[in-house]
Amino acid sequence: MNRSPYITDAPTVSVIMLKVLLALVPGIIAYTWIYGGGILVSLIIATTTALAAEALLLKIRQRPIKPYLMDMSAVVTAWLLALALPPLAPWWLVVVGTFFAIVIAKQLYGGLGYNPFNPAMVGYAVLLISFPLIMTKWPAPLLLAEHPLSFMEQLNFIFSHVLPNDIKVDAITSATPLDYLKTQLMLKHEVASITEAPIFGQFGAKGGEIVTGAYLLGGFYLIQQRIISWHLPTAFLAALAAISFTFYAINPAHYANPLFHLMSGASMLCAFFIITDPVSGPTTPRGKLYFAAGVGVLTYLIRVYGGYPDGVAFAVLLMNMCVPLIDALTQPRVFGHKK
């Protein structure tokens, strides 16, 4: 008779994190193609800050530094935060957000495995509340920009906020489709006429659809590798599609169709890389469905009725608060016992 433990080939934390980083690569390549190489600079700044902050707090807490840095969890947090920020965000903004995510949201709660909130989303929410003007100023895709910046010009802008002589900031920035849609709806325009603007593509943002598709590809890889289960992405996307379809069916002139919401903003990044955080999410299969569905519904409601164009970060953090209750109410029946 075999004796426990029965799972002898479970992947280590390092292997899991490396596969998550690998799954993000298609999205980063698409991101770089659409917005330029500035995002690579943000990823390097965020990674360096995350590792330095993690090492500093581990030193203060008198914990071994090398094993915790080698698990790569800080790098995953850094990459997710950097990918959620505007591609030409100033360097100090990336440093502040990453430092807050690692130090406050992760290490002060005890490190990996003890943080009740998603660290990357905590960092993002803090930046959005503290610096709303910078956080909502996204560059236009290179194919739409009036003056596309070279990599060196983007690098100079990130570190010194200086543009070439004849270029103004407004010439390289553009409203995101979610932001533009919300603003135009407040001016009593209809969705059909709003989406004729050049920033809209076939389903979501022009160019942004490719990035979203690349995240979807990376998500399929994680499911195929059994790093994540289908429960969270499926429930999130189904809930977001269902509630957006309901409003769209009631008044298509005022509410965008479900495909727009699925392919816009951080929907796919959230579905496969953010809500799948095994620490801050529920542990039971049924609880994962409830949690992800709640994030999907809240994301839509914040997008439509909230003060910010996208609602992923706040939706995730609000549902993180509900995780202990969700887990308590969805525990599976113990074998041999009545429920």
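None of these values were measured; they are calculated from a predicted model.

The rules we used
- Residues numbered from 1 in each chain as written.
- Predicted model: local features only at pLDDT ≥ 70, side-chain atom pairs only at ≥ 80, totals over all residues.
- Heavy atoms only, no water.
- Helix = DSSP H or I, 4+ residues; strand = E, 2+ residues; numbered from the N terminus.
- Buried < 20%, exposed > 50% of the residue type's maximum accessible area, 1.4 Å probe, protein only.
- Contact = heavy atoms within 4.5 Å.
- Areas by Shrake-Rupley, 256 points an atom, 1.4 Å probe, with all protein chains shown as cover.
- Lys, Arg positive; Asp, Glu negative; His and termini not counted.
- Charge placed at Lys NZ, Arg CZ, Asp CG, Glu CD.
- Salt bridge = Lys/Arg side-chain N within 4 Å of Asp/Glu carboxyl O.
- Phe/Tyr/Trp six-rings, centres within 6.5 Å; stacked < 30°, edge-to-face > 60°.
- Axes fitted to C-alpha atoms, helices over the stretch in contact; angles between N-to-C directions.
- Parallel < 35°, antiparallel > 145°, perpendicular 65-115°, else oblique.
- Left-handed = near helix turned anticlockwise from the far one by under 90°.
- Nonpolar A, V, L, I, M, F, W, Y, C, P; charged D, E, K, R; others polar.
- UniProt positions renumbered as here; feature names shortened; annotations may be inferred.
- Domains from an automatic or database assignment.
- Buried area = accessible area lost by both parts, 1.4 Å probe.
- Polar contact = N/O pair within 3.5 Å; in protein donor to acceptor, adjacent residues only side chain to side chain.

Peer 1: Hey, could you go over the overall build of the protein chain for me, with residue numbers and the actual values?
Peer 2: Along the protein chain, the regular secondary structure elements total 16 helices and 2 strands. With the principal axes as the frame, the protein chain shows a C-alpha extent of 75 × 50 × 30 Å. Taken over 339 residues, the protein chain has a buried fraction of 50%. Put simply, 75% of the contacts in the protein chain that link residues at least 6 apart link residues at least 24 apart. Of the roughly 16800 Å² of accessible surface on the protein chain, 67% is carried by carbon and sulfur atoms. Treating the 19 positive side-chain charges of the protein chain as one cloud and the 14 negative ones as another, the clouds have centres 18 Å apart.

Peer 1: Go over the pattern of salt bridges, please, and point to the residues and values.
Peer 2: Within the structure shown, the criterion is met by 2 salt bridges. Across the salt bridge formed by lysine 106 and glutamate 54, the nearest N and O atoms sit 3.1 Å from each other. In this pair, lysine 106 sits in the loop between helix H5 (91–104) and helix H6 (119–130) while glutamate 54 sits in helix H2 (residues 38–60), placing the two residues 52 residues apart along the sequence. A relative accessible area of 1% means that glutamate 54 is categorised as buried. We note a salt bridge from arginine 303 to aspartate 310, for which the minimum N-O separation is 2.8 Å. Of the two residues, arginine 303 and aspartate 310, both sit in the buried class.

Peer 1: An account of the packing of aromatic side chains is needed here, citing residue identities and associated values.
Peer 2: What the rule picks out here adds up to 11 aromatic pairs. Members of the aromatic cluster, joined through ring pairs, are Phe247, Tyr255, Tyr300 and Tyr305.

Peer 1: Describe in detail the packing of helix H12 (residues 231–250) against helix H14 (residues 267–274), supporting the description with residues and values.
Peer 2: Helix packing for two helices is described by the angle between their axes and how far apart those axes are. At a minimum axis distance of 8 Å, the contact between H12 and H14 shows a crossing angle of 155°. Regarding the angle of H12 to H14, the classification is roughly antiparallel. When the axes of H12 and H14 are compared, the crossing they make is right-handed. Residue-level inspection shows Pro233, Phe236, Leu237 and Leu240 of H12 in contact with H14, the latter providing Ser267, Met268, Cys270, Ala271 and Phe272. Class assignment of the residues belonging to the contact of H12 with H14 gives a composition of 8 nonpolar, 1 polar and no charged.

Peer 1: Can you explain the environment of leucine 69? Please cite residues and give values.
Peer 2: With respect to the helices and strands, leucine 69 occurs in helix H3 (residues 65–70). For the pair formed by leucine 69 and isoleucine 104, sequence separation is 35 residues and the distance between their alpha carbons is 17 Å. Among residues more than four places away in sequence, those in contact with leucine 69 are Leu51, Glu54 and Ala55.

Peer 1: Run through the UniProt feature "modified residue: FMN phosphoryl threonine" (unreviewed entry) in the protein chain, naming residues and quoting values.
Peer 2: The sites that carry the UniProt feature "modified residue: FMN phosphoryl threonine" (unreviewed entry) are, in the present numbering, Thr176. With respect to the helices, strands and loops of the structure, threonine 176 is situated in the loop between strand S2 (173–174) and helix H9 (177–186). Setting aside residues no more than four positions away along its own chain, threonine 176 makes contact with Trp138 and Ile199.

Peer 1: How would you summarise H14 if you had to cite specific residues and measurements?
Peer 2: Across the 8 residues that make up H14, a large majority, 8, are buried. All buried positions along H14 are accounted for by Ser267, Met268, Leu269, Cys270, Ala271, Phe272, Phe273 and Ile274.

Peer 1: Describe in detail the domain arrangement of the protein chain, supporting the description with residues and values.
Peer 2: Once the domains are mapped, the protein chain shows domain 1 (11–174) and domain 2 (176–329). Centre-to-centre separation of domain 1 and domain 2, based on C-alpha positions: 21 Å. In this complex, domain 1 contributes 33 residues to the contact, which on the side of domain 2 involves 29 residues. Across the domain 1 to domain 2 interface the summed buried area is about 2800 Å²; carbon plus sulfur atoms make up 78%.

Peer 1: For the side chain of threonine 284, give the residues involved together with the corresponding values.
Peer 2: Within the element layout of this structure, threonine 284 appears in the loop between H14 and helix H15 (285–305). Within the structure, the side chain of threonine 284 is placed 2.9 Å from the backbone nitrogen of glycine 287, a separation counted as a polar contact. The residues contacting threonine 284, other than those within four sequence positions of it, are Asp327, Thr330, Gln331 and Pro332.

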